[in-house]
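# Chain and residue survey
Chain residues, written in single-letter form:
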Amino acid sequence: EHKIDPDHFLDHAHQIDISDVPQCETVKEYLARLPGKKVIFTNSSRAFAQRMSKHLGIDHHFDGLFSIEDASYLPKPMPGPDDTVVKKFAFDPKKAAMFEHMAVNLKPAAALGMTTVWIHGDEDAEHAHVHHKTDTLAAWLKKTIPQHPTKAK
């Protein structure tokens with residue numbers, strides 16, 4: 001609409017200091033135990049998602065990254081990007097979960113059959129498309145994933 005180059009805008013908008021964002025040892029520990037393919041699906045730029053996941057010490061836990069650029073600049077919850085993520089990373093949405101801090105962004109994932117987990121922080125409301133709610137990702141991981149992984153026989 002305003003003829004702004006989206007890459008230039010995203011680069012400028014994501015030049016923020018993340019040095020005060022702490023790593024979470026619980027998330028790092030439990031992501032290692034979480035089975036299956038893990039993909040970062042973000043409305044942010046690829047560069048920012050890579051920088052943030054590396055800063056948090058969790059980048060090596062993910063099999064892929066799907067950013068706003070990959071979605072042709074269509075943000076969640078617009079129709080389309082969720083389907084593209086499923087196709088690009090070749091997974092069955094009925095065997096997948098999506099974690100999101102904005103409940104509205106979980107609607108397309110739920111429509112595809114994904115289990116949805118809303119990281120709601122202080123906001124607490126009911127949404128038909130939200131299957132699970134948690135204050136933090138760490139709390140959900142700790143509650144859901146066994147403390148001691150079982151070894152495959």
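The preceding data block contains the structure.
Residues numbered from 1 in each chain as written. Predicted model: local features only at pLDDT ≥ 70, side-chain atom pairs only at ≥ 80, totals over all residues. Heavy atoms only, no water.

## Things to note about the sheet that holds strand S3 (residues 97-100)
Selection criterion: Two strands make a pair as long as DSSP finds a minimum of two bridges between them. For the purposes of this entry, the term helix denotes a DSSP run of H or I that reaches at least four residues, the term strand denotes a run of E that reaches at least two, and both are numbered from the N terminus. Where helices are involved, their axes are fitted lines through C-alpha atoms of the stretch in contact, as for all axes, and angles between N-to-C directions lie from 0 to 180°. We call two residues in contact whenever any of their non-hydrogen atoms come within 4.5 Å of each other.
The strand order S3-S4-S5 describes an open sheet built from 3 strands, whose pairing is parallel. Each edge of the open sheet is held by one strand with a lone partner, namely S3 and strand S5 (132-134). Averaged over all pairs of adjacent strands, the angle between strand axes in this sheet comes to 20°, irrespective of strand direction. By the bridge criterion, 3 bridges tie strand S4 (residues 115-119) to S5 in an arrangement that is parallel. Within S5, the residue paired with tryptophan 118 across the bridge is lysine 133. This element, helix H6 (residues 137-144), spans S3, S4 and S5 of the sheet and lies at about 120° to S5.

## A look at the packing of helix H2 (residues 25-33) against H6
Condition: An angle counts as roughly parallel when it lies under 35 degrees, as roughly antiparallel when it exceeds 145, as roughly perpendicular when it falls between 65 and 115, and as oblique in every other case. We call a crossing left-handed when the near helix sits turned anticlockwise from the far one by less than a right angle, and right-handed when that turn is clockwise. Here the nonpolar group is Ala, Val, Leu, Ile, Met, Phe, Trp, Tyr, Cys and Pro; Asp, Glu, Lys and Arg are the charged ones; every other residue, Gly included, is treated as polar.
Close contact between H2 and H6 brings their axes to 9 Å; oriented N to C, the two are set at 45°. Taken as axis vectors, H2 and H6 run oblique relative to one another. Judged by the twist between their axes, the crossing of H2 over H6 is left-handed. The segment H2 lies against H6, with Thr26, Val27 and Tyr30 engaging Leu137, Ala138, Leu141 and Lys142. Classifying every residue of the contact of H2 with H6 by side-chain character gives 5 nonpolar, 1 polar and 1 charged.

## Side note on helix H3 (residues 46-55)
Let me state the cut-off plainly: Relative accessibility under 20% of the residue-type maximum defines a buried residue, over 50% an exposed one, and the middle range a partly exposed one, all with a 1.4 Å probe and only protein chains included. By construction, the arc corresponds to the directions joining the helix axis to the C-beta atoms.
Restricting attention to buried positions, one finds in H3 the residues Phe48, Ala49, Met52 and Ser53. One side of H3 carries all its buried residues, which in axial view fall inside an arc of 125°. For H3, the exposed residues set more than 90 degrees away from the buried face come down to Ala47 and Lys54. Considering only its buried residues, H3 is in contact with strand S1 (39-41) and strand S2 (64-66).

Any functional reading would require information that these geometric values do not contain.
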